[in-house]
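Structural overview for review
Below, each chain spelled out in residue letters.
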Amino acid sequence: MTTYPRKLVVIITEGALEAILARELMALGAHGYTIADVRGRGSHGAREAAWEADRNIRFEVICDEAVAEKIASTLREKYYDDYAMTLFVADIGVLRPQKF
Amino acid sequence: MTTYPRKLVVIITEGALEAILARELMALGAHGYTIADVRGRGSHGAREAAWEADRNIRFEVICDEAVAEKIASTLREKYYDDYAMTLFVADIGVLRPQKF
Amino acid sequence: MTTYPRKLVVIITEGALEAILARELMALGAHGYTIADVRGRGSHGAREAAWEADRNIRFEVICDEAVAEKIASTLREKYYDDYAMTLFVADIGVLRPQKF
Amino acid sequence: MGLDPVVLFFLLGVAARLLRSDLRLPEAMYEGLSIFLLLAIGLKGGVELARQPLADILPQAGAVVVLGLVLPLLAFPVLKYIGRLDHYNAAAIAAHYGSVSMVTFAVALAFLVDRAIAHEPYLPLFVVLLEVPGIIVGILIARLGGGVRRIAWKSLAHEVLFGRSILLLAGGLLIGWIAGPDALAPQAQLFFDLFKGVLALFMLEMGIVAAGRIRQLRRTGPFLIAFGTLMPMVFALIGGLTGRLIGLSVGGTMLLATLAASASYIAAPAAMRIAVPQANPALSLAAVLGVTFPFNVVLGVSLYYWLALRIHGL
Amino acid sequence: MGLDPVVLFFLLGVAARLLRSDLRLPEAMYEGLSIFLLLAIGLKGGVELARQPLADILPQAGAVVVLGLVLPLLAFPVLKYIGRLDHYNAAAIAAHYGSVSMVTFAVALAFLVDRAIAHEPYLPLFVVLLEVPGIIVGILIARLGGGVRRIAWKSLAHEVLFGRSILLLAGGLLIGWIAGPDALAPQAQLFFDLFKGVLALFMLEMGIVAAGRIRQLRRTGPFLIAFGTLMPMVFALIGGLTGRLIGLSVGGTMLLATLAASASYIAAPAAMRIAVPQANPALSLAAVLGVTFPFNVVLGVSLYYWLALRIHGL
Amino acid sequence: MGLDPVVLFFLLGVAARLLRSDLRLPEAMYEGLSIFLLLAIGLKGGVELARQPLADILPQAGAVVVLGLVLPLLAFPVLKYIGRLDHYNAAAIAAHYGSVSMVTFAVALAFLVDRAIAHEPYLPLFVVLLEVPGIIVGILIARLGGGVRRIAWKSLAHEVLFGRSILLLAGGLLIGWIAGPDALAPQAQLFFDLFKGVLALFMLEMGIVAAGRIRQLRRTGPFLIAFGTLMPMVFALIGGLTGRLIGLSVGGTMLLATLAASASYIAAPAAMRIAVPQANPALSLAAVLGVTFPFNVVLGVSLYYWLALRIHGL
Ligand SMILES: Nc1ncnc2c1ncn2[C@@H]1O[C@H](COP(=O)(O)O)[C@@H](O)[C@H]1O
Ligand SMILES: Nc1ncnc2c1ncn2[C@@H]1O[C@H](COP(=O)(O)O)[C@@H](O)[C@H]1O
Ligand SMILES: Nc1ncnc2c1ncn2[C@@H]1O[C@H](COP(=O)(O)O)[C@@H](O)[C@H]1O
Ligand code: NA
Ligand code: NA
Ligand code: NA
């Protein structure tokens, strides 16, 4: 199996940012994203998804290194200070390099 | 910690394929899978999970390289053309090599 | 982009363990965790999330190697025998090393 | 009489979507409401079915099944040769229009009940009978014309016959029929008294979903818009004439016309994704949800009532 | 009278599952319906409790708690020595059968109400009283026989006493008791009038869940099937005799017999996973949901009514 | 009269949380119930609005909007200079208290209906009118004092005006107004008859959510507790005097006092996260949900009724 190396950027943050981040990611060059509803705990305390202000979402973006870098640096600058947000990057392989 | 290298195959696709893919993955040699309900955007446009035809699912399969390859090539051949589908592979480590 | 290497520990297990594992992970040194509701199949058969006793959850913990090791070995010892549980570890990169 | 509140809820949903509001019904609520509506329609029909000899309805039922087989055969050439859609898409869309929409039926039913217009109370049986044939014909068309590709017929028959919507409708019918009105009285307060309220809530969601499909219409061009409004009118005429032929009352004729005019957005899309995956669901859903469903619930229902009156020479 | 619609809904769920339909109630709906039922039963009981002196009920309540402590002690040796189950599984299953099923109780209640058979209206109190003791005895058995393994008793007592089902039942009882029937009148239309409809919907889901456990019975062999039908009958007899002893009416005797015969599938499985993790939940759920629950709601309830009549010499 | 059942449900939720029970309403249920309540309040108001000339209400409506603009201006200096909160947090909390809580309003409404106290039936209109101004003023304060940071005003206006809660309230009002009471009669059984039962269920959830915020109060110190109880009383006085001024009845005065005293936990938190992200939501939610909401529903509502009587010299 030939796979092409790409980056997987995962962002876990407040539900309130869903629409804004979705637009932001596409504007930064992502070709797509996947969103899951999650809950969790971190430096901002527990977010238990009991109701709307308490909900986390988990964005997953497959992209090339350049876009990953742009996403990471943009989010760091614009959102890290004010929002509960966790971001990590992993190395993955995809089959269709032109898609991502 | 000794971990044994395995592959994590992640498939994001239309909810309609849930039962079919579950059977397919087991037939291809997977020992298990995990499914999450997600939403997203990609080359087939936005899939917002507002109702049934609009729902994505995310399969996660831990397996050895041979099975990963079989899964990737089978799905590519049978589903890529006709379905909204994204697949990627990551390297992971597991504790119980016989389980996966 | 400078990223700092960390471990991502993923645990897929029975919904009944949510509160217990959440406490356990923090006690083992994790700084946070993220939980998603999932369903799946493994050596304990299908868990379809149709009702409460049939629900899986997926924990995701970003941590350093030492904590990852402690989590893996503790869970192996305390829960592997008695619970439907799958655990894997992946290498990831984070931007803020002090956070995880 | 003005606009039915049910239509107003639909328009509120459309507005919410077009105004890009964050209003969304949780998917579990969408599912819960549709389970409720399917069961309630089935139960209502079953209770009524219990009141009269089945034998009297059998010939009518046969005619209705034939209607369901014929409609997609009429739609297909229009889609393929006038609409210039490829074979698979034409077949898939034909299947959607050959099948029916339970919610459109519910709106038509509410229209009659509000105006106290008599109608055969066993018409929910026809919803069940009309849901499947159109889908099967659509799949057959797709297969016959398409390249050779093994279809798992067994699993497909399954998908269609034991799919959620048929199972709930037919299950409700059976329960209503076996239990009868008296035994079901304790459940009536949930399933019958709340029906129109729940329908209103569901229409709010349908408005959001339908409006989400409107944008796609810009890309698919004017053909689907024309098809989505004209075909239902033609089908309503055929359905109405069939109703007259099999001896239905004006109300029953109107309901059968509405059923013929309606297009499926639950059973058909699910079946098509599995059986005719080559077809693009964006096209069929844009037509069904972006054009035909709104047309039917806002204008069609009154139109089909007028049509039923004319067909009966009134 | 024929089959109760509530049972028909259950059978529809069973059929859906056995026919491998894609019909599923969203989990949020399952949870919502069960929250509703627990609260409604509690409220109903609380409103009735408000009507009479508590002191009169106290001795009965004591006897019922004793019943709850005795039942698992009877079940355990049967499971261990006749069923040859290992210690942990025998203890865990004993806990399930020592505790009770609120939905089975609701079906029995509906049976009486439909037939206008008198019964002590405060029996929901006994549901609360019977839910916990069986579970605690089961855990004690597991501990005493099992290897040394520290159990977090405090967190366990918590889990059991403040678990969802006890909290809603007891909370409903308290609210009903404090507020009384008049103050609760505005809520009655939701909680009381819709009760049987909601129960029907929940039974549909229970049918799907129960049928999903049937397959496992093939693997667990015939013992669990026999146990799952015979033990409830024995327990019903014991419960019925207890009812007679403490002076309950025929209706009340039947309800207590049904409670004794019923097995828990909400509180007990949750507690066992934490307190007796060595036990295999596939076994207990196969017996409770695959055998006993269906047996009780389809046949048991009528049987226990007949039994109550005999016990009262009628 | 004792405690309203609605308050008892709230306390049950609080108890469940403080006892660390696993009781949780699924989020879909939380959303579904709140959609129901928003629509129902809107519909009720709309139906009543249809009964009287709009022109009569216009001056009152104007006064109410002014009230909504003034309240956050009063709250801000208290928060900033007495509470020593930073600029952003003071502005954000002022916005929450400037806006209103639909559920608190619903509890007050139920209080009046239970006691058959007359009130202007179009007050739900004022809920809509009072929801937005406070939020906008809060954002303006935050901007004017804060560092320069481009705010997407267009998308923000959007967020606030077409947010879920305004859309459902205003949409319900419009539908009720257009359709009128007769056309809505079939929906009344869902939206009006079940209202108090649904409100009770929602209060159970609110109890769980509110109790979850209590712990944070320990960290935020006594100021927010004092603010969260005293400010509502002052606002209630202002709201009540405004009510008297614009000619409302005692019931209407009490409702307007309650609205003024209530603080938003749906629209305001959502808007603040986007428009004033520098503010810490833990602070505002601790005050709004941990202090003011419980205070208002348990004690405030009776207090504001007493206040309304005094204001009218009774
Ligand atoms: N160490 C971690 N591992 C996994 N998820 C985390 C971790 N820390 C934080 N999160 C997630 O990210 C969200 C926001 O994190 P924070 O900004 O630290 O509160 C939390 O609510 C968790 O869902
Ligand atoms: N670049 C991407 N990153 C993450 N998820 C993606 C990406 N592209 C597509 N997806 C997901 O895969 C689904 C199907 O993709 P597509 O076939 O491109 O429409 C989308 O609805 C998304 O959920
Ligand atoms: N090979 C696998 N790949 C992905 N998920 C798995 C795999 N095996 C098990 N799981 C998940 O882990 C849960 C428990 O696994 P098990 O203990 O094997 O029954 C299952 O219900 C699945 O959700
Ligand atoms: Na049709
Ligand atoms: Na029992
Ligand atoms: Na206010």
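Use the structure listed above.
Owing to the predicted nature of the structure, the values given are computational and were not obtained by experimental measurement.

**Points about the overall build of chain D**
When helices and strands are counted, chain D shows 13 helices and 0 strands. The helix and strand sequence of chain D, counted from the amino end, reads α-α-α-α-α-α-α-α-α-α-α-α-α. Scaling as 2.2 N^0.38, a compact globule of 314 residues should have a C-alpha radius of gyration of about 20 Å, and chain D matches this with 18 Å. Taken along its principal axes, the extent of the C-alpha atoms in chain D is 55 × 45 × 40 Å. When the 314 residues of chain D are sorted by exposure, 65% land in the buried category. The long-range share in chain D, meaning contacts at least 24 apart out of those at least 6 apart in sequence, stands at 88%. Roughly 10,800 Å² of accessible area belongs to chain D as shown, and the carbon and sulfur atoms make up 67% of that amount. Positive and negative side-chain charges of chain D, numbering 21 and 14 respectively, have mean locations separated by a distance of 14 Å.

**Here we look at the coordination of the sodium ion (ligand 5)**
Residues and elements named next belong to chain E. The protein atoms donating to the sodium ion (ligand 5) are Tyr97 (O), Ser99 (O), Ala260 (O) and Ser262 (O), with metal-donor distances spanning 2.4 to 2.6 Å. Look at Tyr97 and you get buried, because its relative accessible area is 0%. Take Ala260: its relative accessible area is 2%, and that puts it in the buried class.

**What to know about the relation of the copies chain F and chain D**
With an RMSD of 0.0 Å, the fit of chain F onto chain D corresponds to turning through 120° and sliding 0.0 Å along the axis. The relationship between the two copies is best expressed as a three-fold rotation axis. Taking C-alpha positions as the reference, the residue of chain F nearest the rotation axis is Ala28 of chain F, at 3.7 Å. Counting the interface residues of chain F, we find that no more than 8% of their copies in chain D are interface residues as well, pointing to two distinct contact surfaces.

**Notes on the coordination of the sodium ion (ligand 6)**
All names here are of chain F. Those donors, Tyr97 (O), Ser99 (O), Ala260 (O) and Ser262 (O), are the protein atoms that reach the sodium ion (ligand 6), and they lie 2.4 to 2.6 Å from it. In primary sequence terms, the donor set of the sodium ion (ligand 6) follows Y-x1-S-x160-A-x1-S. Placement of the pair is Ser99 in the loop between α4 (87-98) and α5 (102-114) and Ser262 in the loop between α11 (250-261) and α12 (267-275), with a sequence separation of 163 residues. With respect to class, Ser99 is no different from Ser262; both count as buried.

**Quick word on the site of ligand 2**
Neighbouring ligand 2 are 19 residues; Thr34 and Lys99 of chain A together with Ser43, His44 and Asn56 of chain B lie closest to it. The environment of ligand 2 is shared, with nearby residues belonging to chains A and B. A distance of 3.5 Å is found between a nitrogen atom of ligand 2 and a backbone nitrogen or oxygen belonging to Gly32 of chain A. In this structure, an oxygen atom belonging to ligand 2 sits 2.3 Å away from a side-chain N or O atom of Lys99 of chain A. Protein chains shield 99% of the accessible area of ligand 2, which is 470 Å² for the free molecule.

The rules behind these values
- Residues numbered from 1 in each chain as written.
- Chains lettered and ligands numbered in written order.
- Predicted model: local features only at pLDDT ≥ 70, side-chain atom pairs only at ≥ 80, totals over all residues.
- Heavy atoms only, no water.
- Helix = DSSP H or I, 4+ residues; strand = E, 2+ residues; numbered from the N terminus.
- Rg over C-alpha atoms; globule rule 2.2 N^0.38 Å.
- Buried < 20%, exposed > 50% of the residue type's maximum accessible area, 1.4 Å probe, protein only.
- Contact = heavy atoms within 4.5 Å.
- Areas by Shrake-Rupley, 256 points an atom, 1.4 Å probe, with all protein chains shown as cover.
- Lys, Arg positive; Asp, Glu negative; His and termini not counted.
- Charge placed at Lys NZ, Arg CZ, Asp CG, Glu CD.
- Donors = N, O, S within 2.8 Å, 3.2 Å for Na, K, Ca; no water.
- Least-squares fit on C-alpha atoms with pLDDT ≥ 70 in both.
- Near = heavy atom within 4 Å.
- Polar contact = N/O pair within 3.5 Å; in protein donor to acceptor, adjacent residues only side chain to side chain.

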